[in-house]
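One letter stands for each residue in the lines below.
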Amino acid sequence: MATASTEIFVYKGVDKRGNKVSGEVNSPSSALAKAQLLKQGVRTNSVRRKPKPLFGGRGKKIKPMDIAIFTRQMATMMKAGVPLVQSFDIVAGGSENITMKNLIMGIREDVASGTSFAASLKKQPKYFDELFCNLVESGEQSGALETMLDRIALYKEKTEQLKAKIKKALTYPIAVVVVAVVVTGILLVKVVPQFAETFSSFGADLPAFTLFVLGLSELAQEYWFVGVIGAIAAFFALSKLKEKSKAFRDFMDRAILKVPIVGDIVYQSIIARFARTLSTTFSAGVPLIDALQSVAGAAGNSLYEAAVLRIREEVSTGTQLNASITNTQLFPPMLIQMTTIGEESGALDEMLDKVANYYEEAVDNLVDNLTSLLEPMIMSVLGILVGGLMIAMYLPIFQIGQVV
């Protein structure tokens, strides 16, 4: 069986017709590689592990967008009538990422040996979550795998686009702070001391603002390494704390929703993700109770994850979905109204899809507005910092000029 630890083996041998053949195969060991090839009618003369390229080659980490692209390509191949195993070969052949190519070929070997597509994906939980595997399994059972792959591809593409927008919105303010701190630090450590040497020969009292800046400069020169190490340590400490402590994650998830502008972007993205995931799972024929379980896992915020689980509990006892959503007091009226219309008309997946499109577009607009707002803000902050330091340095010179 192909697992996450499969390796590439290079083989040479003879096929059923007596023709010499050579190529590559993914397998956990050379013995299993020989067995796989024998099943395919190839008698091997040599099977050896493919040497790894110097400096790691072109293998890169597999990103969620890589999985989205893989899903879209598989959906396209199967819609065109290409058999499943052959689709793997074509998609893998077009991948420039060796790590991704190995993953695809590992799944391909598994499927070729008789394992179902969904079961093969479940062996790779690092890349294919429970929602992805369940939807593929539903597609295989209903005989509409190509349609299901198309839906999954659309869902993954929309989800990753939304994540990219949120990342952009959160990265920009952080970048402003980092740039401001770095520029200020360089000025305090490198530029201000040059002025301090000049002021030492004045023999007169310096303005309070200048003395304050000189004091900051001395502090920065003496302890700058402590600040750098402290910032790095704080970053890793917070990362570990968020990873290990559920209470801290809950606190951060609640706090970010209260941040001006950014909180609104995160809130609307959560609503969009809720609507998109529920629409995709429900349209795939997944029972509502199971669909809500998947939605809770995809919420991306502990507050809303708990709310969706409460909705699931209420729905399982017979409460209508729109009433359960209303009871949480966390979702917007538009979502509740569209859910009500969807339940009454029997088109819940279509209504939720419209809600997802609306909020995804709203997030897009908010991110663009934030970007437009921050650009002049960056210039203002840097101008105030640099200008303030320069004024502090030139104030004594101006006073001497006035006295003379």
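It should be noted that the structure appears before, not after, this text.
No experiment lies behind these values; they were computed from the predicted model shown.

The rules we used
Residues numbered from 1 in each chain as written. Predicted model: local features only at pLDDT ≥ 70, side-chain atom pairs only at ≥ 80, totals over all residues. Heavy atoms only, no water. Helix = DSSP H or I, 4+ residues; strand = E, 2+ residues; numbered from the N terminus. Rg over C-alpha atoms; globule rule 2.2 N^0.38 Å. Contact = heavy atoms within 4.5 Å. Lys, Arg positive; Asp, Glu negative; His and termini not counted. Charge placed at Lys NZ, Arg CZ, Asp CG, Glu CD. Axes fitted to C-alpha atoms, helices over the stretch in contact; angles between N-to-C directions. Parallel < 35°, antiparallel > 145°, perpendicular 65-115°, else oblique. Left-handed = near helix turned anticlockwise from the far one by under 90°. Nonpolar A, V, L, I, M, F, W, Y, C, P; charged D, E, K, R; others polar.

**A look at the overall build of the protein**
Each helix and strand in the protein was counted, giving 15 helices and three strands. A compact globule built from 404 residues should have a C-alpha radius of gyration of about 22 Å, whereas the protein, at 30 Å, is more than 25% larger. Seen through its principal axes, the protein has C-alpha atoms that stretch 100 × 65 × 35 Å. Partitioning the intrachain contacts of the protein with sequence separation of at least 6 by distance along the chain shows that 60% fall at a separation of at least 24. The centroid of the 42 positive side-chain charges in the protein is displaced by 11 Å from the centroid of its 38 negative side-chain charges.

**What about unusual backbone geometry?**
Trans is the common state for peptide bonds, and a negative phi is the common state for residues other than glycine. In the Ramachandran plot, isoleucine 261 falls in the positive-phi region, its phi being about 65 degrees despite a non-glycine side chain. Topologically, isoleucine 261 is positioned in the loop between helix H9 (246-256) and helix H10 (262-283). Backbone geometry places glutamine 329, a non-glycine residue, at a positive phi of 60 degrees. For glutamine 329, the location among the structural elements is in the loop between helix H13 (321-328) and helix H14 (333-345).

**A short note on the packing of helix H2 (residues 64-79) against helix H7 (residues 145-199)**
Relative orientation of the contacting elements H2 and H7 amounts to 155 degrees, with a least axis distance of 8 Å. For the element pair H2 / H7, the angle class is roughly antiparallel. The element H2 and its partner H7 pack so that their crossing is left-handed. On H7, the residues touching Pro64, Met65, Ile67, Ala68, Thr71, Arg72, Met74, Ala75, Met78 and Lys79 of H2 are Leu145, Glu146, Leu149, Asp150, Ile152, Ala153, Leu154, Lys156, Glu157 and Glu160. A class-by-class count of the residues in the contact of H2 with H7 yields twelve nonpolar, one polar and seven charged.

Geometry only, nothing functional implied.
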